[in-house]
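# Observations on the three-dimensional arrangement
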Amino acid sequence: MSSTRAPLLAASRVAVVGAGISGLAAAYRLRTLLGPTAEIVLVDGSRRLGGAVRTVELGGVALDVGAEAFLIRRPEALRLVTELGLGGQLRYPTPVTPTVRAGGRTVPLPPRTVLGLPAAAADVAGLLSAPAVARVAAEPTTALCWEPGQDAAVGMLLRERAGDELVERLVDPLLGGVYAGRADALGLRATLPGVAAALDRGAGSLLAAASAVLSPGLPASGAPSPPAFGTLRDGLSVVVDALVAAAAVRLRLGLPVRELVRTPEGWRLVLGSAGQTEHLDADAVLLAVPAPALRRLLADPLPLASAAAGRVEVASCAVVGLALPLAAAQALPKASGVLVAASEPLSVKAFTFSGRKWAHARSAEVLLIRASLGRHGEARMLQRDDAELLDAVRADLAALTGITARPVATVVARWGGGLPQYAPGHLDAVAALEREVAAAAGLAVAGATLHGVGLPACIATADAAARRIAEYLTGVPAPAAAHGGTIGA
Ligand SMILES: Cc1cc2nc3c(=O)[nH]c(=O)nc-3n(C[C@H](O)[C@H](O)[C@H](O)COP(=O)(O)OP(=O)(O)OC[C@H]3O[C@@H](n4cnc5c(N)ncnc54)[C@H](O)[C@@H]3O)c2cc1C
């Protein structure tokens with residue numbers, strides 16, 4: 001933030017807009033940095049905290065129906081969980097591995113790829129047809145024109161160089177899981193940053209770039225791989241509850257923020273429904289809302305940042321949870337789940353066999369399963385009522401596993417606009433957005449729109465935004481590490 005102000009003598013008021021993981025982590029970090037006297041108001045249009053983090057109880061067992069796990073190779077989520085005293089709840093996946101359904105067959109998911117991009121054709125031999133494997137094998141022999149810093153659509157680049165089948169059978173199902181998107185519309189630099197960096201450094205092919213990304217992380221031969229993901233025994237909403245308690249915020253829920261206005265003293269939020277608005281004045285504002293809301297809120301005070309947010313499209317998806325009677329669930333394959341290629345005649349894009357993947361996602365009576373549906377640009381898939389979605393999921397489960405038993409409990413969670421699409425040029429759009437926000441005193445942004453959709457990336461943006469606001473309010477540089485201090489300090 002370029003402008004600084006004299007340290008505030010009286011308690012300052014900060015408004016955090018958006019109570020997803022980003023807004024909550026930011027509010028918590030603000031509390032640790034500003035101490036007990038600051039007034040932190042957390043506003044959300046929904047009456048529920050957590051945004052895309054939501055745990056429900058299904059058949060007596062906790063099931064996450066939004067985000068279900070966090071990457072632990074990045075430190076931010078694990079560090080936050082530990083800092084909140086929740087380390088005892090940490091759970092790692094069981095050793096079972098995922099599968100992929102493509103070309104009418106279900107086979108093991110190739111383990112050694114960068115979101116589907118292999119380092120060697122042999123790594124995808126079990127999944128692709130022989131001609132498609134040969135096409136992948138030939139990729140390094142085709143000259144690659146790559147300017148450092150350039151971007152490209154993942155799908156287009158891969159189709160051109162390594163063939164359609166690799167995209168359709170492997171890359172799309174994996175990217176579809178992370179972004180609810182399609183490889184043809186996602187940008188390499190934002191979704192496969194390590195691959196883009198290796199190409200910038202001069203890797204001569206996509207396979208060589210994948211090899212550069214994969215090699216450093218390989219465990220010594222025979223050593224077990226460290227787990228990539230973790231979750232919490234009672235579900236990720238536990239983090240939401242802990243954050244809101246530790247942040248000691250004033251909650252204003254069920255109040256969408258309609259406008260953001262700059263005032264001589266700071267900022268004014270216009271909240272509420274059209275006929276019933278109210279104002280909230282604040283010394284500083286931290287926006288942690290999805291791209292469409294960012295675009296609307298920044299339109300008047302920061303039109304360039306608003307236009308940049310407008311370049312980020314969002315995808316909708318749904319998660320259907322099933323609690324299967326344990327006896328029936330015995331017939332499930334010994335796999336953590338199945339990713340489904342878009343060309344398969346099925347509605348779901350993935351099943352997670354949660355009770356196989358996580359030991360705590362089953363009980364003596366039930367085993368939980370999660371189905372994911374919906375990809376960017378396929379809105380029709382979700383234009384069905386809950387009963388129809390449930391029927392479609394059960395039909396797909398029967399087709400893939402033979403299991404027809406009636407679940408003892410079910411849940412349908414819909415995520416309208418739940419995942420931003422990082423198109424080619426995404427990082428340029430984010431840089432433009434952040435540049436204008438950085439020049440606006442007392443304003444910061446965080447969230448999945450910016451530098452990664454995963455929970456650790458969201459928490460990283462939240463930490464950075466909270467530090468910028470704290471610096472602005474106190475005139476004192478906030479500590480660089482994520483650990484901002486202890487509450488009340
Ligand atoms: C189905 C699904 C599965 C996922 N699985 C994983 C996973 O396993 N691991 C992982 O790391 N990530 C996963 N993700 C991604 C991750 O959950 C999200 O990127 C992350 O939770 C986003 O957090 P956020 O706070 O930035 O945004 P959100 O969670 O979207 O929160 C934004 C908040 O802003 C509020 N809001 C919007 N507009 C306004 C307004 N005008 N005024 C006030 N409030 C407003 C919303 O109500 C919402 O509460 C998944 C996402 C989805 C949808």
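Quantities reported herein were computed from a predicted structural model and do not represent experimental measurements.

## Here we look at the site of the ligand
Around the ligand there are 36 residues in total, and Gly18, Gly20, Gly51, Ala67 and Gly418 lie nearest to it. Of all elements in the fold, only α1 (21-34), β2 (39-44), β17 (314-325), β21 (409-420) and α16 (455-474) reach the threshold of two or more residues within the shell around the ligand. Along the lines of polarity and charge, the residues of the shell around the ligand split into 23 nonpolar, eleven polar and two charged. Looking at which domains feed residues into the shell around the ligand, each of domain 1 (13-51 + 236-312 + 423-474) and domain 2 (55-74 + 314-420) gives three or more.

## Details of the domain arrangement of the protein chain
Domain boundaries assigned for the protein chain yield domain 1 (13-51 + 236-312 + 423-474), domain 2 (55-74 + 314-420) and domain 3 (108-217). For domain 2 and domain 3, the distance between their C-alpha centres works out to 27 Å. Listed by partner, the interface residues are 14 residues for domain 2 and 13 residues for domain 3. Mapped onto the side of domain 2 that touches domain 3, the elements with two or more residues apiece are β17 and β18 (337-340). Among the residues making up the side of domain 2 that touches domain 3, the classes are represented as eight nonpolar, four polar and two charged.

## So, helix α10 (residues 291-298)
Of all eight residues in α10, six are buried; the element is thus mostly enclosed. Among the structural elements, β13 (257-262), β16 (284-287), α11 (303-310), β17, β21 and β22 (443-445) are those in contact with the buried residues of α10.

## Points about unusual backbone geometry
Notably, Leu115 is not glycine yet its phi reads approximately 45 degrees, a positive angle. Mapping Leu115 onto the fold places it in the loop between β9 (113-114) and β10 (117-118). Phi at Ala180 takes a positive value of approximately 50 degrees, unusual for a residue other than glycine. Within the element layout of this structure, Ala180 appears in the loop between α5 (164-179) and α6 (188-191).

## Examining the nonpolar core
By size, the foremost hydrophobic cluster in this structure holds 166 residues, and its most contacted members are Ala26, Leu30, Val171, Leu269, Val285, Leu286 and Ile469. Here Ala26 is in contact with Val16, Leu286, Ala288, Ala446, Ala462, Ala465 and Ala466, once residues within four sequence places are set aside.

## Describing the pairing of β17
Of all twelve residues in β17, nine are buried; the element is thus mostly enclosed. The pairing of β17 with β21 spans nine bridges and is classified as antiparallel. Bridge pairing in β21 links Val319 to Ala413.

## What to know about the sheet that holds strand β6 (residues 90-91)
The strand order β5-β11-β6 describes an open sheet built from three strands, whose pairing is antiparallel. The two strands at the open ends of the sheet, each matched to only one other strand, are β5 (70-71) and β6. Bridge analysis of β6 against strand β11 (residues 229-232) gives two bridges, and the strand direction is antiparallel. Across the sheet, the residue bridging to Leu90 is Leu232, located in β11.

## Here we look at the packing of helix α2 (residues 76-83) against α16
Packing of α2 against α16 brings their axes to within 7 Å, and their N-to-C directions diverge by 70 degrees. One element, α2, and the other, α16, form an angle in the roughly perpendicular class. Only Leu455, Pro456, Ile459 and Ala460 of α16 make contact with α2, whose side of the interface consists of Glu76, Ala77 and Leu80. Of the residues belonging to the contact of α2 with α16, the class tally is six nonpolar, no polar and one charged.

Thresholds applied
Residues numbered from 1 in each chain as written. Predicted model: local features only at pLDDT ≥ 70, side-chain atom pairs only at ≥ 80, totals over all residues. Near = placed C-beta within 6 Å. Helix = DSSP H or I, 4+ residues; strand = E, 2+ residues; numbered from the N terminus. Nonpolar A, V, L, I, M, F, W, Y, C, P; charged D, E, K, R; others polar. Domains from an automatic or database assignment. Contact = placed C-beta atoms within 7 Å. Buried ≥ 20, exposed ≤ 12 C-beta atoms within 10 Å, placed from the backbone. Core = buried A, V, L, I, M, F, W, Y, C linked by C-beta atoms within 7 Å. Pairing = 2+ DSSP bridges. Axes fitted to C-alpha atoms, helices over the stretch in contact; angles between N-to-C directions. Parallel < 35°, antiparallel > 145°, perpendicular 65-115°, else oblique.

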